[in-house]
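What follows is the residue order along each chain.
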Amino acid sequence: MMFLKTHKASAVRLAVIAAMGAMTVSAQAQNAQLERIEVTGSSIKRISSEGALPVQVISAKDIARSGATSVSDVIRNLPAMQGFQIADTAAGTNSGGISTANIHDIGSSYTLVLLNGRRIAPTGDGSTVNLNSIPMSAIDRIEVLTDGASALYGSDAIAGVVNFVLKKNYQGGNVVASGMVPLEGGGKSAYASLTYGIGDIDKDRFNVLMSYRHDQQQQLKATDRAFGSTAYIPFEYGGKQYIYDRTSPSAVPANVTVTAKNGANGKPLFPAYAFNPYAKANGGKCADRNFSNLTNVVGVQETCGFDYANTIEIYPESKRDSLFVSGQFKVNDKLSFYSDVALARFDLTARIAANPVPVAIPTSTDLFAKYVAPYLTPTQIANLSLETDKTSPNFGKPRVTASYRAQDFGTRDSQTITDSKHFVIGAEAELAGWIMNGGLTWSQNSINEKYVGGYFKKNEFISMVQKNQFDPFAEAGKQTPATLQLMADSIYHGTVRNGETTLTGADFRASRELYKLPAGDLSLGLGADIREQQYTNTPTADAVNGVIYNYAAANTFDVKRKSGGVFGELLIPVIKNLELTAALRYDTIKKTDNAVTGKSVGEDLSATTYKISGRYQVVPQVLLRGSYGTGFKAPDMLTLASPLLSNGVTAASFDCPFPGTSPCQPTRRQYSQLAGGNELVKPEKSEQMAFGIRFEPNASFGIGADYYNVYITDAISGVSAAQAFAEPAKFANLFTTYQQPAEDKPYYAFKSVSTNIGRSKNSGIDWDIVGRTNLENLGRLTLGLAGTYVIESSYTLPGTNDQYTNSLGQYNDVSASVTFRNKVLATATLDTGKFTNSFTLNWKSGYKDKLADVRDVATNKLTKVAVDVPRSSTLDWQGVYRHNKAATLTVGVKNLFNREPEFSLRDSSGHQVGYDPRYGDTLQRRVYVTGGYDF
């Protein structure tokens, strides 16, 4: 069971440690820290332990009770967390399985993630941290500050801070092994960890700690679950029957698109015509795993859509290894040194549907004569468009194009290996009443992206096409053995790009009590930090030189930026039981240096941010607290400096944005997508406020609520493809033309670029209730109920400063996400000595889904429907048996009632269809067993 607990702190010490992190200290300093920063365990907090800032604390014991197998699992179940990215979406997003934190759905880039109070290297060029880099077995506690804190942390803490505090001064050993089995099949997982520490910093003046953990996650295929096994979905809504069709026009057997050359008037000599030869030869019936396209019109489009969804995966295969080593040495009672080393490797393989490839079919081939010519008129055959690829031996000759799904070549498999390295060395000293702490940090996050299946070698594949060595119009699985061997030999295996983000920094802070006032000590905290962040992305020679078929290589990046800041905080005890804290920070962020172009992009930025907070203990049982502050966030480096690059294709298929023009696709299809930077993007600014109240009449009961309000101006975002294609005239500047390597001519492409969309407003209430009682002859019963109620989550539409849209309780095409009105976590634990039983309920409110194109079965016409996604919940149980002080056995069931994800028509964040992997439990009911032994 996971309890959300709050942090007690003297404001200056909280500010200093919150700004830079709790580090190794001398024995006296440790005692002082415990007096000033008391983190309660799982017991009810007294009012005196509440600080001015809303900090939720999740201990290692709470994490174990939750049954979570990854840091991402822990974070995603916190009520204050919404809108995060998870590993499931790696199927189709090229994310590499990154998992993020996102407080109040304000944005992952506005949530600062720290390791032992210090920044760690993010993923890419910005500030978003991959939670897979956190060594889970070494976590002592997680502290979540749900209030803006730019005045202490700098430009990335507008929404709040998540600080992973790792174990320190640990003696002895601990070994843990665990296995989890989904009862519906597929997706098994297991982990084992070893932690060992030697030396007591107080007695021996040193401590060395090592913690290692290995995790293994098996793949969960789409065919393992009914809810995700098809892209062709009949469903009922509002008493009517509909069909949702997300099948692909790239089919197996292939569809054919027939286009004409232009006449004397510059217009095609006949309209484009698309059909499926297999269906034509079989009375209109499509092959297995194919469905007749719902937009078919006889004589215009008679195609089949391939059901790619049952060939992909719901949950990707992965391995994770993490190692944390910590050392502490106390020279004397006034001086100590410390060092941290955190290493992690996350190896994920994502599998998506087989390659969709356009294959030119010249009129001179047997394929044309057998599959195409019988269904064309003599006029069409005489006026076909000509091959435009000058590298083809058929250049200038008439041809048609087959839209082929290369199912017999295998699924497209990409392996992403993410290595994280984090080194810190520092010292803490006491001098003349000042407690000082400083350190040096070197942190790096690197990515090696490989293709390990389903992607073709260009020369081998083109040779097969030109020599008619495979039949794109054959059913899947019916190629000859010789052809299958040629297919296997044509698959590319190798690295396509390497990326690295390196963070180098230094920090120093100091705090002391200045004067004794009648109401308490006037205290001061000061600090400064400097850092340099560099991001490089290097495509391999194979990627750049066209070795891979129909592959547009990622661009080469080498961007770097320096930044720094100074801050101060003053704690003022005004009267008895009333404290005020004032914090002030000044940041400077330099231009982005682009080593590839030799130029600097953007401008030098600076900002002064502040925060005022206070706590008032009205009576011993009632506490009031509140804060007001400002924030600042500079654009990410590539938001400014990236050139316009190929970024795959749009997630959904669209009609031509400008009908009747030459760059239109022949039918409704996915269009190429380009992404790039905008050096005119401005910094983002924010104002935030919070107000809270806690009531704790006794040690067995407590209730509290904290209101938050964050207002961001010049917020950076971009126009979505769905929005641009819905209003192409309005966003005409976001369309260009682009020719994929295997396409016969340039087609329209969507430009995804960042803009300052204007403003965003976020507000809500975090609340919690906790209670504990002794049950006679049973044991100690502890109950917890915590939640977040979102009042507003809105933002202006791109290009406007007063036209608001929102994602609260509804899917929004701009953000491609949902903000839940309510998210609740309920826990119950009965401790009877040797046995402990815990129940955890996770609950979310319902929402209005994406407005999607569907076929009305009764009228046989296309229409638009937005279904109501109902509220959802999962219940978990865990039982713990403590054989003795050293040995424990844990048995648990996740998703006890086997709830599957709710039905959804969304078309973003992964290739999965029929549900949203971000908002449901795709593994369903699963049993786990964990054994632990201390030595």
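Residues numbered from 1 in each chain as written. Predicted model: local features only at pLDDT ≥ 70, side-chain atom pairs only at ≥ 80, totals over all residues. Heavy atoms only, no water.

## Some words on the confidence of the model for the protein chain
Stated precisely, the cut-off is as follows: A residue's pLDDT is the predictor's confidence in that residue, given on a scale from 0 to 100. Contacts: residue pairs with any heavy atoms within 4.5 Å of one another.
Mean pLDDT for the protein chain: 89, with 94% of residues reaching 70 or above. Here residues 1–48 is a poorly scored stretch, pLDDT under 50, and it has 180 contacts once near neighbours within four places are set aside; other chains count.

## Concerning the pairing of strand S2 (residues 55–59)
Here is the rule we go by: Burial classification: accessible surface area is computed with a 1.4 Å probe over protein chains only, and a residue below 20% of its type maximum counts as buried, one above 50% as exposed, and the rest as partly exposed. In this text, helices come from DSSP runs of H or I with a minimum length of four residues, and strands from runs of E with a minimum of two, each type numbered from the N-terminal end. When DSSP locates at least two bridges between a pair of strands, those strands are taken to pair.
By the criterion of burial, S2 is predominantly enclosed, with five of the five residues buried. Of the two faces of S2, the one carrying Val-55, Val-57 and Ser-59 and the one carrying Gln-56 and Ile-58 are both buried. Bridge count between S2 and strand S5 (residues 139–145): five bridges; the pairing is antiparallel. What sits directly across from Val-57, in S5, is Glu-143.

## Things to note about the state of the cysteines
How we decide: When the sulfur atoms of two cysteines come within 2.5 Å, that pair is taken as a disulfide.
One pass over the full model with this rule turns up two disulfides. The disulfide bridge from Cys-286 ends at Cys-304, spanning 2.0 Å between sulfur atoms. A torsion of -90 degrees about the S-S bond marks the disulfide between Cys-286 and Cys-304 as left-handed. Linking Cys-286 in the loop between helix H7 (277–281) and strand S15 (290–292) with Cys-304 in strand S17 (residues 304–306), this pair joins segments that are 18 residues apart in sequence. Note on accessibility: Cys-286 and Cys-304 belong to one class, buried. Between Cys-656 and Cys-664 runs a disulfide, and the two sulfur atoms are separated by 1.9 Å. Residues Cys-656 and Cys-664 are joined through a disulfide that is left-handed, its torsion about the S-S bond being -65 degrees.

## Quick look at the packing of aromatic side chains
Under the convention used in this document: A pair of aromatic rings is counted whenever rings of Phe, Tyr or Trp (Trp by its six-membered ring) have centres within 6.5 Å, and the orientation is called stacked for planes under 30 degrees apart, edge-to-face for over 60 and tilted otherwise. We call a charge positioned over a ring when the NZ of a Lys or the CZ of an Arg lies within 6 Å of the ring centre and within 35 degrees of the ring normal.
Summed over the entire model, instances satisfying the criterion amount to 31 aromatic pairs. Centre to centre, the rings of Phe-227 and Tyr-915 are 4.9 Å apart; their planes meet at 85 degrees, and the pair counts as edge-to-face. Pair noted here: Phe-227 is in the loop between strand S10 (220–221) and strand S11 (232–237) and Tyr-915 is in the loop between strand S49 (887–894) and strand S50 (926–934), with a separation of 688 residues, a long-range link. Overall, Tyr-915 belongs to the buried group, its relative accessible area being 0%. For the pair Tyr-273 and Phe-275, a centre-to-centre distance of 5.1 Å together with 25 degrees between the ring planes defines the contact as stacked. Residue classification places Tyr-273 among the buried residues on the basis of a relative accessible area of 6%. An aromatic cluster is defined as three or more aromatic residues linked by ring pairs; in this entry it consists of Phe-654, Phe-658, Tyr-671, Phe-725, Phe-735, Tyr-748 and Phe-750. In this arrangement the basic side chain of Lys-761 is found over the ring face of Tyr-804, its NZ or CZ atom lying 4.6 Å from the centre. The ring centre of Phe-820 lies 5.7 Å from the NZ or CZ of Lys-844, which sits over that ring.

## So, the sheet that holds strand S33 (residues 645–649)
Note the threshold: Between N-to-C directions, angles span 0 to 180 degrees; the directions come from axes that are lines fitted to C-alpha atoms, helices contributing only their stretch in contact.
Spatially, S33-S34-S38-S37 is the arrangement adopted by the four strands of the open sheet, whose pairing is mixed. Either end of the sheet is taken by a strand with one partner, and the two such strands are S33 and strand S37 (735–738). The sheet shows a mean angle of 40 degrees between the axes of neighbouring strands, taken without regard to direction. Where S37 lies against strand S38 (residues 747–753), four bridges are found, and the strand directions are antiparallel. Of the residues in S38, the one forming a bridge with Phe-735 is Phe-750.

## Points about helix H10 (residues 458–466)
What counts here: Comment: arc refers to directions from the helix axis out to C-beta atoms.
Among the residues making up H10, those that are buried are Phe-461, Met-464 and Val-465. Taken around the axis of H10, the buried residues stretch over an arc of 100 degrees, which confines them to a single face. Those residues of H10 hidden inside the fold are in contact with strand S21 (356–362) and helix H11 (481–489). Asn-468 sits one or two positions beyond H10 and adopts a positive phi of about 55 degrees.

## Some remarks on empty space enclosed by the protein
Test applied: Of the two site types, the cavity is a set of points on a 1 Å grid over the protein atoms alone where a 1.4 Å probe fits but cannot get out, and the pocket is an open set with protein on both sides within 12 Å along at least five of seven lines, each lined by residues with an atom within 4 Å of a point. Grid points are joined across faces, edges and corners, and a volume is the space filled by probe spheres set on the points. Only Asp, Glu, Lys and Arg are considered charged in this grouping, and only Ala, Val, Leu, Ile, Met, Phe, Trp, Tyr, Cys and Pro are considered nonpolar; every other residue, Gly among them, is considered polar.
Tallied over the full model, the rule gives 19 cavities of 30 Å³ or more. Roughly 290 Å³ of internal volume is contained in the largest cavity. Along the walls of the largest cavity sit 22 residues, with Arg-119, Gly-126, Asp-156, Arg-531 and Gln-533 positioned nearest its centre. Mapped by element, the contributors of at least two residues to the lining of the largest cavity are strand S3 (111–115), strand S26 (520–539) and strand S27 (557–575). Here the residues of the lining of the largest cavity sort into nine nonpolar, five polar and eight charged.

## A closer look at the sheet that holds strand S12 (residues 240–245)
Reading across the sheet, the four strands line up as S11-S12-S45-S46 and stay open at both edges, with antiparallel pairing between neighbours. At either end of the open sheet lies a strand with only one pairing partner, and these are S11 and strand S46 (861–865). Ignoring which end each strand starts from, the neighbouring axes of this sheet average 40 degrees apart. Sheet topology note: the S11/S12 ladder contains six bridges and is antiparallel. Opposite Ile-233, over in S12, you have Tyr-244 as the bridge partner.

## A closer look at the nonpolar core
As a reminder, the rule being used: Working definition of a nonpolar core: buried Ala, Val, Leu, Ile, Met, Phe, Trp, Tyr and Cys residues. They are joined through side-chain atoms within 4.5 Å.
In this structure, Val-258, Val-372, Tyr-404, Phe-409 and Phe-473 are the most contacted members of the largest nonpolar core, which totals 71 residues. Take this core: its biggest share by element is four residues, from helix H8 (residues 366–372). Leaving out residues up to four positions away in the same chain, Phe-409 has contacts with Tyr-404, Gly-454, Phe-456, Phe-461, Met-464, Met-487, Ser-490 and Ile-491. Residues Ile-58, Ala-159, Ala-342 and Ala-715 belong to the second largest nonpolar core, which totals 40 residues.

## Looking at unusual backbone geometry
Cis peptide bonds are those with omega within 30 degrees of zero, and the linkage from Val-252 to Pro-253 qualifies with 0 degrees. Positive phi, close to 55 degrees, is recorded for Asp-105, a residue that is not glycine. Tracing the backbone through its elements, the reader meets Asp-105 in the loop between helix H5 (90–93) and S3. If you check the backbone angles, Asn-895 has positive phi at about 55 degrees while not being a glycine. Looking at where Asn-895 falls in the secondary structure, it is placed in the loop between S49 and S50. Residue classification places Asn-895 among the buried residues on the basis of a relative accessible area of 0%.

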